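Read off the chains here:
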Amino acid sequence: MNTRSSELAVEGELPPLVAHVGGESGARSALKAGAKERNGGIDALRAAVTLLVVLHHTAITYGAIGGWYYKEIAPSDTPGSLLLVLFCTVNQAWFMGLFFLLAGYYTPPSFRRHGAAGFVRERLIRLGIPLAVYFFVLSPLTKALAQTANGRSFPRVFEYVWAHGQLEPGPLWFAQALLIFALAWLLWQWVRPPALAMETRAFPSNKMLLAAALFTGVAAFLLRLVWPVGVNVAFLQLGYFASYIVLFAAGCAEADGRWLEHIPDAQRKTWLRMARIALPIFPLAGYVALRFHLLTGPAEGGLNPQAVLYAFWEPFVAWGFILGLLALFQRRFAQLSGPWKHLARRAYLIYIIHPPILVGVALAWRDIAAPALVKFVVTGTITCALCYLVAGVLLRAPPVARVV
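Residues numbered from 1 in each chain as written. Predicted model: local features only at pLDDT ≥ 70, side-chain atom pairs only at ≥ 80, totals over all residues. Heavy atoms only, no water.

Observations regarding the overall build of the protein chain
So the rule is basically this: Strands here are runs of E lasting at least two residues and helices are runs of H or I lasting at least four, both read from the DSSP assignment and numbered beginning at the N terminus. Burial classification: accessible surface area is computed with a 1.4 Å probe over protein chains only, and a residue below 20% of its type maximum counts as buried, one above 50% as exposed, and the rest as partly exposed. We call two residues contacting when some pair of their heavy atoms lies within 4.5 Å. What sets the accessible areas is the Shrake-Rupley method with a 1.4 Å probe; for residues, cover comes only from the shown protein chains.
Counting its secondary structure elements, the protein chain contains 15 helices and zero strands. The burial tally for the protein chain puts 54% of its 404 residues in the buried class. Long-range contacts, defined here as pairs at least 24 residues apart, represent 80% of the contacts in the protein chain between residues at least 6 apart. As displayed, the protein chain offers around 17,500 Å² of accessible surface, 69% of which is attributable to carbon and sulfur atoms.

Quick look at the structure:
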């Protein structure tokens, strides 16, 4: 994962980045044509996975593999580091894909509710403004803060980043990608046959889900021959985009049939079993490659067994995790109340502001020696709590509340 993460948020009354991105008017007039009623389970899942994004970046800080602003402990073969690497590897297989699926799921009703012009306006407000704020303010701020660990001056680094154009979208790469996907959706509305606009399909069979997983694996492998994992093109890791595109398109196709709210038990159980079977295979293959020099090669991409296995392993894990968690959270949460409701409302903003807060918390006690896993738990917990509190304060400002 690059300085992105991934990952997606929710607003208790309205879904922010990954949901309708259609604004407060959508949630407050849910009976308008094309609007979806709030789904407490989906909102709770978005909120929970947003915190998982924070923990994912915390893991990279303390020994997992991935791009991040501040890395206090380098990856190694210690048990703590290996556990954090496994944590991030499993996360990466499914959590950003979930956000793209949900973004697609809320795109058609948003388009119908607002019309083409209104759809574009709301996307620019809810995606474009946070992207610009992060790019021009939070990105240099976080970079400058991280460089204080190397004894560099915060103001000078901030100025240098601006002067030399070293700005980047960080986790808001996701907003950047959704703007591109929104444009693709608009073009599709323009060129698609009218008959397809009225077609509502049943939930995909296990054969269809298997075909989608295999297609995604092939596409991921081919993409990574050109753009291996870790290579950015215009701030996007295209090596991961096979599953993102497939899941966003699936979300759009699912919207009218409300598939995600009616997941058949047969598919859920089958793909949960598939995920349980698949889950240990890639880590075990990595161990075999290191220990016995078999199945070698970089998993990030290329003509080698590890790259093939990684490309196909991800969708089989993702389908099971996504279907299982969507069903679980919808059984658990009919409506949100108390802390869950507040967390859901703040989740998008938490996603936006967490990088400087996480870096600041890690720096605050970097001179205190502790095992990597202890640092991960303490820093991750404090960061999640601070993000929750700061987001609550910021949302009291009407301009902020309008955007997120």
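Description of the pattern of salt bridges
Just so we agree on the cut-off: Salt bridges are defined by distance alone: a side-chain nitrogen of Lys or Arg within 4 Å of a carboxyl oxygen of Asp or Glu.
All chains considered together, the criterion is met by eight salt bridges. Linking Arg46 and Asp43 is a salt bridge whose minimum nitrogen-to-oxygen distance equals 2.7 Å. Taken as a pair, Arg46 and Asp43 lie in helix H2 (residues 40-61) at a separation of three residues, close to a single helical turn. Each of the two residues, Arg46 as well as Asp43, counts as buried. The closest approach of N and O atoms between Arg402 and Glu122, which form a salt bridge, is 3.1 Å. A residue pair is termed long-range when its members are at least 10 positions apart, and Arg402 in helix H15 (residues 398-403) and Glu122 in helix H4 (residues 107-147) qualify at 280 residues. We classify Arg402 as partly exposed; its relative accessible area is 31%.

Remarks on the environment of Tyr244
Where we set the bar: Counted as a polar contact is a pair of N or O atoms within 3.5 Å, where, for protein atoms, one must be capable of donating a hydrogen and the other of accepting one, and residues adjacent in sequence contribute only when both atoms are in side chains.
The residue Tyr244 is located in helix H9 (residues 241-254) in this model. Residues Tyr244 and Trp94, spaced 150 residues apart in sequence, show a C-alpha to C-alpha distance of 9.6 Å. Polar side-chain contacts of Tyr244 include one of 3.0 Å to the side chain of Gln92.

Focus: unusual backbone geometry
Positive phi, close to 55°, is recorded for Ala234, a residue that is not glycine. Backbone geometry at Arg258 places phi at a positive 50°, although glycine is not the residue there. Mapping Arg258 onto the fold places it in the loop between H9 and helix H10 (265-278). For Arg258, a relative accessible area of 28% translates into the label partly exposed.

Examining the packing of aromatic side chains
For clarity, the threshold we go by: A pair of Phe, Tyr and Trp rings is counted when the ring centres sit within 6.5 Å of each other, with Trp represented by its six-membered ring. The angle between the planes then sorts it: under 30 degrees is stacked, over 60 is edge-to-face, the rest tilted. In this scheme, the term charge over a ring applies when either NZ of a lysine or CZ of an arginine sits within 6 Å of the ring centre and within 35 degrees of the ring normal.
Evaluation of the coordinates by the stated rule reveals 32 aromatic pairs. Taking the centre distance of 5.5 Å and the plane angle of 85° together, the rings of Tyr105 and Tyr106 count as edge-to-face. Per residue, the accessibility class of Tyr105 equals that of Tyr106, and both read buried. Taken together, Phe99, Phe100, Trp173, Phe174, Phe181, Tyr240, Phe241, Tyr244 and Phe248 form an aromatic cluster joined through their ring pairs. Above the ring of Tyr388, the side-chain terminus of Arg346 is found at 4.2 Å from the ring centroid. The ring of Trp365 carries the charged tip of Lys375 above its face, separated from the ring centre by 4.6 Å.

With respect to a nonpolar patch on the surface
For the record, the criterion: Here the term patch refers to residues with relative accessible area over 30% and no salt bridge, with like charges joined within 9 Å and nonpolar side chains (Val, Leu, Ile, Met, Phe, Trp, Tyr) within 5 Å.
Together, Val218, Leu222, Leu225, Val226, Trp227, Val231 and Leu303 give the surface a local cluster of nonpolar side chains, amounting to about 640 Å² of exposed area. Its relative accessible area of 40% is what places Val218 among the partly exposed residues.

Quick look at the state of the cysteines
Condition: Cysteine sulfurs are considered disulfide-paired once they come within 2.5 Å of each other.
Summed over the entire model, instances satisfying the criterion amount to zero disulfides. Sulfur of Cys384: no disulfide; nearest cysteine sulfur belongs to Cys387 and is 6.7 Å away. Overall, Cys384 belongs to the buried group, its relative accessible area being 14%.

Re the nonpolar core
Defined as follows: Take the buried residues of types Ala, Val, Leu, Ile, Met, Phe, Trp, Tyr and Cys, join any two whose side-chain atoms come within 4.5 Å, and each joined set is a nonpolar core.
With 105 residues, the main nonpolar core has Trp94, Phe100, Trp173 and Leu326 as its most contacted residues. Each residue touching Leu326, except ones within four places of it in the same chain, is listed here: Ile42, Leu45, Leu98, Leu101, Leu102, Leu260 and Ile263. Counting residues in each nonpolar core, the second largest holds six residues, with Ala219, Ala220, Phe221 and Ala311 among its members.

A few points about helix H11 (residues 281-292)
Every α-helical turn comprises 3.6 residues, leaving residues that sit three or four positions apart pointing alike. The following threshold applies: One less than the residue count of a helix, multiplied by 1.5 Å, gives the span that helix is expected to have. This arc is built from the directions going out from the helix axis to the C-beta atoms.
The end-to-end C-alpha separation of H11 is 16 Å, in line with the 16 Å expected for 12 residues at 1.5 Å each. Buried within H11 are the following residues: Phe282, Ala285 and Ala289. Along the long axis of H11, the arc covered by the buried residues comes to 60°, so they all point the same way. Residues of H11 that are exposed and angled more than 90 degrees away from the buried face: Leu284, Leu290, Arg291 and Phe292.

A few points about the confidence of the model for the protein chain
To be explicit about the condition: For every residue, the pLDDT score states the predictor's confidence, bounded by 0 at the bottom and 100 at the top.
Put simply, the protein chain has an average pLDDT of 89, and 89% of its residues get 70 or more. Taken as a whole, residues 1-16 scores under 50 in pLDDT and shows 108 contacts with residues more than four places along the chain or in a different chain. Counting interchain partners and residues more than four positions distant, the pLDDT-below-50 stretch residues 19-35 has 43 contacts.

Examining the packing of helix H8 (residues 206-226) against helix H12 (residues 305-332)
To be explicit about the condition: As a rule, the C-alpha atoms of each element are fitted with a line to give its axis, helices using only the stretch in contact, and angles between N-to-C directions run from 0 to 180 degrees. Should an angle lie under 35 degrees it is considered roughly parallel, over 145 roughly antiparallel, and from 65 to 115 roughly perpendicular; all remaining angles are considered oblique. Whether a crossing is left-handed or right-handed is set by the direction in which the near helix is turned from the far one by less than a right angle, anticlockwise for left-handed and clockwise for right-handed. Gly is placed with the polar residues, together with every amino acid not listed as nonpolar (Ala, Val, Leu, Ile, Met, Phe, Trp, Tyr, Cys and Pro) or charged (Asp, Glu, Lys and Arg).
Two elements in contact, H8 and H12, have axes whose closest approach is 8 Å; the angle formed by their N-to-C orientations is 140°. Regarding the angle of H8 to H12, the classification is oblique. Read as a crossing pair, H8 and H12 show a hand that is right-handed. Packed against H8, whose contacting residues are Leu209, Leu210, Ala212, Ala213, Leu214, Thr216, Gly217, Val218, Ala220, Phe221 and Arg224, the element H12 presents Ala307, Val308, Tyr310, Ala311, Phe312, Glu314, Pro315, Phe316, Trp319 and Leu323 at the interface. Partitioned by chemical class, the residues of the contact of H8 with H12 number 17 nonpolar, two polar and two charged.

Examining the packing of H2 against helix H14 (residues 372-394)
One way to put it is that H2 packs onto H14 with a least axis distance of 9 Å and a crossing angle of 140°. In terms of orientation, H2 lies oblique with respect to H14. The element H2 and its partner H14 pack so that their crossing is right-handed. Together, Leu51, Val54, Leu55, Thr58 and Ala59 of H2 and Phe376, Thr379, Gly380, Thr383 and Cys384 of H14 make up the contact between the two elements. Grouping the constituent residues of the contact of H2 with H14 by class yields six nonpolar, four polar and no charged.

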